[in-house]
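# Chains, contacts and geometry: an overview
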Amino acid sequence: MDLFTEGDPIADTRAPDGPIETRWERRRFEAKLVNPANRRKMTVIVVGTGLAGGSAAATLAEQGYRVKSYCYQDSPRRAHSIAAQGGINAAKNYRNDGDSVHRLFYDTVKGGDFRSRESNVHRLAEVSVNIIDQCVAQGVPFAREYGGLLDTRSFGGAQVQRTFYARGQTGQQLLLGAYQALERQIGLGNVEMNSRHEMLELIVVDGKARGIVVRDMVTGEITSEFADAVVLASGGYGNVFYLSTNAKGCNVTATWRAHRKGAYFANPCYTQIHPTCIPVSGDHQSKLTLMSESLRNDGRVWVPKARGDDRDPREIPEDERDYYLERIYPSFGNLVPRDIASRAAKNVCDEGRGVGPTKLGVYLDFADAIDRLGRKAIEAKYGNLFEMYERITGEDPYEVPMRIYPAVHYTMGGLWVDYDLQSTIPGLFVIGEANFSDHGANRLGASALMQGLADGYFVLPNTVANYLAAGPFEKVDATHPAAVEARRDVEDRIQRLLAIDGDRTVDSFHRELGQIMWEHCGMERSEAGLRKAIDEIRALRDQFWQRVRVPGNGEGLNQSLEKAGRVADFFELAELMCIDALHREESCGGHFRAEHQTPEGEAQRDDERFAYVAAWEFTATGEPSVLHKEDLNFEYVHPTQRSYK
Ligand SMILES: Cc1cc2nc3c(=O)[nH]c(=O)nc-3n(C[C@H](O)[C@H](O)[C@H](O)COP(=O)(O)OP(=O)(O)OC[C@H]3O[C@@H](n4cnc5c(N)ncnc54)[C@H](O)[C@@H]3O)c2cc1C
C-alpha cells in the first residue's frame, strides 16, 4: 500500500500581500471586530495555560469574552513553559548593535532554513518589541545592567544581543506574569479555570469546532464542554522520542485528536535537537536535562584532537584541543544555530573524539570566561544552571568543563494554521508550540517564548475576533449527535485500553517507540532507516493494543491510563513523522537526510522541489494520509545555502 497520496495544494488565504512592513497592520484593520457588549455573549475554550494559552486566555477575558481554560497540571502555572531557561528575543536594539525588526525577521527566516512564511515571521519580529513592554509592565524581573537598563545576551544564529532574560529562569518569570494576568481574570469571574482536566476529543458541529470532551483526572468524570471557538495551546510533542528535555507530561493528544477530526498536521518531521543537554547516562533515565543555549555566550565547545583521549580535560593542553565550532564557523563560533551545533557534535563523536563514559559528549568549558570575567560574574548569569548541572552529574562546572550532547527539545511541526492562526477546521485556532509555527525547519534559540507570547497576547486576540464577529453561534449541548459521538469515542477508547489487561507497561512501549524514533527519525535520517522505522512502529503499535497493561479503572486518578492514551496517539504521530521525513528528500534545518548533504557535510536543501509546507490530512484509521502542499514564496529574504562561516 502507498504510504500517502497527494491532494490539492493548500493556500493561506488570510495572508495579506503588499509591502511586508504593512501586512499585519492591514490585516488587523481589515479583520472584523466584535463590539464589547457582544463579546460577553461569547465563550472561547482555551486548552493550555503555558505562555501561549495563559496569555491568550487572560487577554481574551480582558477583552470581555467568557473564557474556559483547561490544563492537566494541578495549577496553570505549572505548564511546561515554566522550564524555559535562557531568554526571549526582541528587536529592541537597546544595544545599538545593528539590530532591527528587519534583522530579526531575516535571521529567523534564514535560521529556519527557508522553510517558514515571510509574512508570519515579519509579524513575529514586529510584535516582539511589544512583548517586552507588556512583560515589564507586568513586573517580570528581567535581568538589568548596573545602571538599571534591561540587559540582553546572544543566542545562536544571531550576531547581535537581542535576548532578554531572567537568569536561567526566563520561562518561569514570564509565566508568572501571564499567570497573574490569568488569575486576575479568574478572580473577576471572566475565566473558568479547569486544572487537572485533560482534553481527549474535539467536538465538531456542522464543520465548526464547537467544544471539547474532557476527563477530570481526579474523579474520572467525562464531560462535554462547548464554546463559540476553541483555541489549542497544548504545546509540543517532543516526548514522542521518550527521552527529551520536555516535561514528562508533554504530549500530542490535543492536537492529534483535532488532526483526526480534520485539522491538517504540518511538517511533523521537523524536530529540534538541542546541542547542549546533559548526556544520557544509562537506560534508567526517563528525562533529559537542558543546559541553556545562553551558556554558549561564554562557554567554549571542544573535544580532544586525538581519538580516545581519556585524560582529565584540565590536563589536555590548549594545542591538543579542537574548538571545532570556532574552527569551522569562525563568524558565529559557538553561537551557530542549534541544528548546526548538534550535527557538529554528532560528527566529532562519530569520529571517535567524544568524551565521558559513553563517548557521546563534548565539553562546554567556562575556564576562559571565569578568567576573563571572574567567577562572580559567571555565577550571576548562570548560577542556577551550574547548580542544576552539579546536582545531576556530581561535577562542579566552575572547576571541570561541562559535558553536553544533543537531545530532542522542541517540535517545529504542529497543526497547520493560516495567518489568522486558524486551522483547517473553522473555529479551531492553534497557538504556541502546538501550531507549525514560524520557525520553519529549525527554531532559533529564545524564539519559542517570543512566538508563544506573540500569539497569545497580540495575534490571536485580534484574529479570533474576525471569526467571532459572525457569532454567537447556535447553541449546542451534550445531546447534539456530534457531542454524543465524541464522548462515546472517548469512553470506548478508555474501556478498550483498560480491557487489554496485558503484560507490558505503557512506559516500556513508550521507551521502545522512542528508541525507534531516535535511531531513525532523530538527528540523521535515511530512506532505508525511515522505511524500517515505519514497519517497526506499526508492529509495535499492534503489540501495544494487544499487550499493554493499564492497571486500575477509569473512575479516579489513574496515571497509567493517562499515559496509555497519550502513547497510543504518539504511535500514530510517529508513523506520520517518518512518512513526512521520508517524502522530504532534502536536508533542511532539523531534518537532516544522510543522502542529501554538501561535501562539507552541511544540510543540502532542494528548493526546486521542496520549498513548501507539508500539510497532512487524516483520512481514516489504517488509510494513507493525504499530502497538501503550501508553496513558500520568498520576496524579501532570498534562499541561499546557509552559511555561518
Ligand atoms: C528545558 C527547556 C528550556 C527552554 N528554554 C527556552 C528558552 O529559553 N527560550 C525559548 O524561547 N524557548 C525555550 N524553550 C521552549 C519553550 O519553553 C516552549 O516551546 C514553550 O514554552 C511552549 O509554550 P506553550 O504555551 O506553547 O506550551 P506549554 O508551556 O507546553 O503548555 C502546554 C499547556 O497545554 C496543556 N495541555 C496539553 N495537552 C492538554 C490536554 N490534552 N488537555 C488539557 N490541557 C493540555 C498543558 O497542561 C499546558 O498547560 C525551552 C524548552 C525546554 C524544554
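Keep in mind the model is a prediction, meaning the values are calculated, not measured.

The next subject is the overall build of the chain. Along the chain, the regular secondary structure elements total 17 helices and 20 strands. Its C-alpha atoms give the chain a radius of gyration of 24 Å, near enough to 26 Å, the size a compact globule of 645 residues would have. Its C-alpha atoms put the chain at 75 × 60 × 50 Å along the principal axes. The proportion of buried residues among the 645 residues of the chain is 62%. Considering only contacts in the chain between residues 6 or more positions apart, those separated by 24 or more positions represent 74%. For the chain, the accessible area works out to roughly 24300 Å², and carbon and sulfur atoms hold 47% of it. Averaging the positions of the 77 positive and the 92 negative side-chain charges in the chain gives two centres separated by 3 Å.

Moving on: the side chain of Asn 558. Position of Asn 558 among the secondary structure elements: in the loop between helix H15 (527–547) and helix H16 (559–583). Looking at Asn 558, the relative accessible area reads 6%, which means it is buried. A distance of 2.9 Å separates a polar side-chain atom of Asn 558 from the backbone oxygen of Asn 553. A polar side-chain atom of Asn 558 sits 3.2 Å from the main-chain amide nitrogen of Ser 560.

On to the nonpolar core, then. Counting 185 residues, the largest nonpolar core has Ile 88, Leu 232, Val 240, Leu 428, Leu 468, Met 517 and Phe 544 as the members making the most contacts within it. Per-element tally for this core: the top contributor is H16, with 14 residues. Once residues lying within four places of it in the same chain are set aside, the contact partners of Leu 428 are Leu 202, Ala 209, Val 230, Leu 232, Ala 258, Ala 263, Leu 415, Leu 421, Gln 422 and Ser 423. Ranked by size, the runner-up nonpolar core spans 5 residues in total, among them Ile 316, Tyr 323, Val 355 and Tyr 363.

In terms of burial, helix H7 (residues 253–260) is a largely internal element, 7 of the 8 residues being buried. By the burial criterion, the buried members of H7 are Thr 253, Ala 254, Thr 255, Trp 256, Arg 257, Ala 258 and His 259. Residue Gly 262 follows H7 closely and has a positive phi angle near 125°.

Another aspect to go through is the sheet that holds strand S8 (residues 208–216). Reading across from one edge, S7-S8-S9 is the order of the 3 strands in this open sheet, with antiparallel pairing throughout. If you trace the sheet from one side to the other, it starts and ends with strand S7 (197–205) and strand S9 (222–226), each paired once. Here the strands of the sheet are splayed against their neighbours by 25° on average, with no regard to which way each runs. Bridging between S7 and S8 involves 8 bridges; their strand directions are antiparallel. Residue pairing for S8: Ile 203 is matched across the bridge by Gly 211.

Moving on to the environment of Asp 2. Position of Asp 2 relative to the elements: it lies in the segment before strand S1 (4–6). Classification of Asp 2 as exposed rests on a relative accessible area of 56%. Measuring from C-alpha to C-alpha, the distance between Asp 2 and Glu 623 comes to 9.3 Å, with 621 residues separating the pair along the chain.

Attention now goes to unusual backbone geometry. Of the consecutive residues Gly 471 and Pro 472, the connecting peptide bond is found in the cis state with omega at -5°. Here Pro 472 is to be found in the loop between helix H12 (448–468) and helix H13 (481–500). Unusually for a residue other than glycine, Asp 501 sits at a positive phi of about 50°. Here Asp 501 lies in the loop between H13 and helix H14 (506–521).

Moving on, we get to the sheet that holds strand S3 (residues 66–70). One open sheet accounts for 5 strands, arranged S6-S3-S2-S10-S18; its pairing is parallel. On the outer flanks of this sheet lie strand S6 (191–194) and strand S18 (428–430), each paired with one strand and no other. Neighbour-to-neighbour, the strand axes of this sheet turn through a mean angle of 20°, independent of strand direction. As paired strands, strand S2 (residues 43–47) and strand S10 (residues 229–232) are joined by 4 bridges and run parallel to one another. Along S10, the bridge assignment pairs Val 47 with Leu 232. Its contacts with the sheet place helix H3 (residues 51–63) against S2, S3 and S6, and it is angled at close to 165° to S2.

Before going further, it helps to examine the site of the ligand. Neighbouring residues of the ligand: 37 residues in total, closest Gln 73, Ser 81, Gly 86, Met 199 and Glu 433. One of the backbone nitrogen or oxygen atoms of Thr 49 is found 2.9 Å away from an oxygen atom of the ligand. A distance of 3.4 Å separates an oxygen atom of the ligand from a polar backbone atom of Ser 447. Protein contact buries 98% of the 1000 Å² of open area that the ligand shows by itself. Looking at the shell around the ligand, the elements that each hand over two or more residues are H3, S7, strand S16 (402–411) and H12. Within the shell around the ligand, the residues separate by chemical class into 17 nonpolar, 17 polar and 3 charged.

What follows is about helix H6 (residues 170–187). For an α-helix, the turn length of 3.6 residues means that residues three or four places apart are oriented alike. Between its first and last C-alpha atoms H6 spans 26 Å; for 18 residues at 1.5 Å apiece the expected length is 26 Å, and the two agree. Within H6, burial applies to Thr 170, Gly 171, Gln 173, Leu 174, Leu 175, Gly 177, Ala 178, Tyr 179, Leu 182 and Gln 185. Those residues of H6 that are buried lie in contact with H3, strand S4 (88–89), helix H5 (118–138), strand S5 (163–164), S6 and H12. Just downstream of H6 lies Gly 189, where phi reads positive at about 85°.

Moving on: the packing of aromatic side chains. How two aromatic rings sit relative to each other is given by the distance of their centres and the angle of their planes. In total, this model carries 20 aromatic pairs according to the counting rule given. Residues Trp 24 and Tyr 419 carry aromatic rings whose centres are separated by 6.1 Å and whose planes lie at 70° to one another, so their mutual orientation is edge-to-face. Note that Trp 24 is positioned in helix H1 (residues 23–30) and Tyr 419 in the loop between strand S17 (414–415) and S18, a separation of 395 residues in sequence. An angle of 80° between the planes, with centres 5.8 Å apart, marks the rings of Tyr 94 and Phe 164 as edge-to-face. Here the residue Tyr 94 occupies a position in the loop between S4 and helix H4 (101–111), and Phe 164 occupies one in strand S5, the gap between them amounting to 70 residues. Given the relative accessible area of 48%, Tyr 94 is considered partly exposed. Site record: aromatic cluster; members linked through ring pairs are Phe 366, Tyr 382, Phe 386 and Tyr 398. Between the NZ or CZ atom of Arg 153 and the centre of the ring of Tyr 165, over which it lies, the distance is 3.7 Å.

We now examine empty space enclosed by the protein. According to the stated counting rule, one finds 8 cavities of 30 Å³ or more in the structure shown. In this model, the largest cavity occupies a volume close to 160 Å³. When residues of the lining of the largest cavity are assigned to their parent elements, the largest contribution, 5 residues, is made by H16. Estimates place the volume of the second largest cavity at around 80 Å³. Ile 273, Asp 339, Arg 343, Met 523 and Gly 590 are the residues nearest the centre of the second largest cavity, which is lined by 13 residues in total. Broken down by element, the lining of the second largest cavity gets its largest block of residues, 4 residues, from helix H9 (residues 338–350). Within the lining of the second largest cavity, the residues separate by chemical class into 3 nonpolar, 7 polar and 3 charged.

What counts as what
- Starting afresh in each chain, residues are numbered from 1 along the sequence in its written order.
- At least 70 in pLDDT is required for a residue's local features to be given in this predicted model, at least 80 for side-chain atom pairs to be given and counted, and no such filter applies to totals for whole chains, interfaces and linings, which use all residues.
- Side-chain metrics in this entry use all non-hydrogen atoms of the structure; hydrogen atoms and water are not considered.
- Helix and strand assignments follow DSSP, with helices taken as H or I runs no shorter than four residues and strands as E runs no shorter than two, numbered in order from the N terminus.
- C-alpha atoms define the radius of gyration, and 2.2 Å times the number of residues to the power 0.38 defines the globule rule.
- Each residue is placed in one exposure class: buried if its accessible area under a 1.4 Å probe, protein chains only, is under 20% of its type's maximum, exposed if it is over 50%, and partly exposed if it falls in between.
- We call two residues contacting when some pair of their heavy atoms lies within 4.5 Å.
- Note on areas: these come from Shrake-Rupley sampling with a 1.4 Å probe, and a residue is covered only by the protein chains present in the view.
- Positive charges come from Lys and Arg, negative ones from Asp and Glu, while His and the chain ends are left out of the count.
- Charge coordinates come from a single atom per side chain, which is NZ of Lys, CZ of Arg, CG of Asp or CD of Glu.
- Contacts described as polar in this section are N or O atom pairs within 3.5 Å, which, within protein, must combine one atom able to donate a hydrogen with one able to accept it, while residues neighboring in sequence count only if both atoms come from side chains.
- Residues belong to one nonpolar core when they are buried, are Ala, Val, Leu, Ile, Met, Phe, Trp, Tyr or Cys, and are joined through side-chain atoms within 4.5 Å.
- Two strands form a pair only when DSSP identifies at least two bridges running between them.
- Fitted lines through C-alpha atoms serve as axes, helices being fitted only where they are in contact, and the angles separating the N-to-C directions of these axes extend from 0 to 180 degrees.
- Working definition: residue near molecule or strand if any one of its non-hydrogen atoms lies within 4 Å of it.
- The nonpolar class holds Ala, Val, Leu, Ile, Met, Phe, Trp, Tyr, Cys and Pro. Asp, Glu, Lys and Arg form the charged class, and all remaining residues, Gly among them, are polar.
- Working rule for helices: expected span equals 1.5 Å times residues minus one.
- Each Phe, Tyr or Trp ring, with Trp reduced to its six-membered ring, pairs with another whose centre is within 6.5 Å; inter-plane angles below 30 degrees give stacked pairs, above 60 give edge-to-face pairs, and intermediate values give tilted ones.
- Geometrically, a charge over a ring is one whose NZ (Lys) or CZ (Arg) sits within 6 Å of the ring centre while staying within 35 degrees of the ring normal.
- A 1.4 Å probe that fits but cannot get out identifies a cavity on a 1 Å grid over protein atoms alone, an open set with protein on both sides within 12 Å along at least five of seven lines counts as a pocket, and a residue lines either if it has an atom within 4 Å of a point.
- Grid points are joined across faces, edges and corners, and a volume is the space filled by probe spheres set on the points.

Don't take any of this as a statement about function, it's just geometry.
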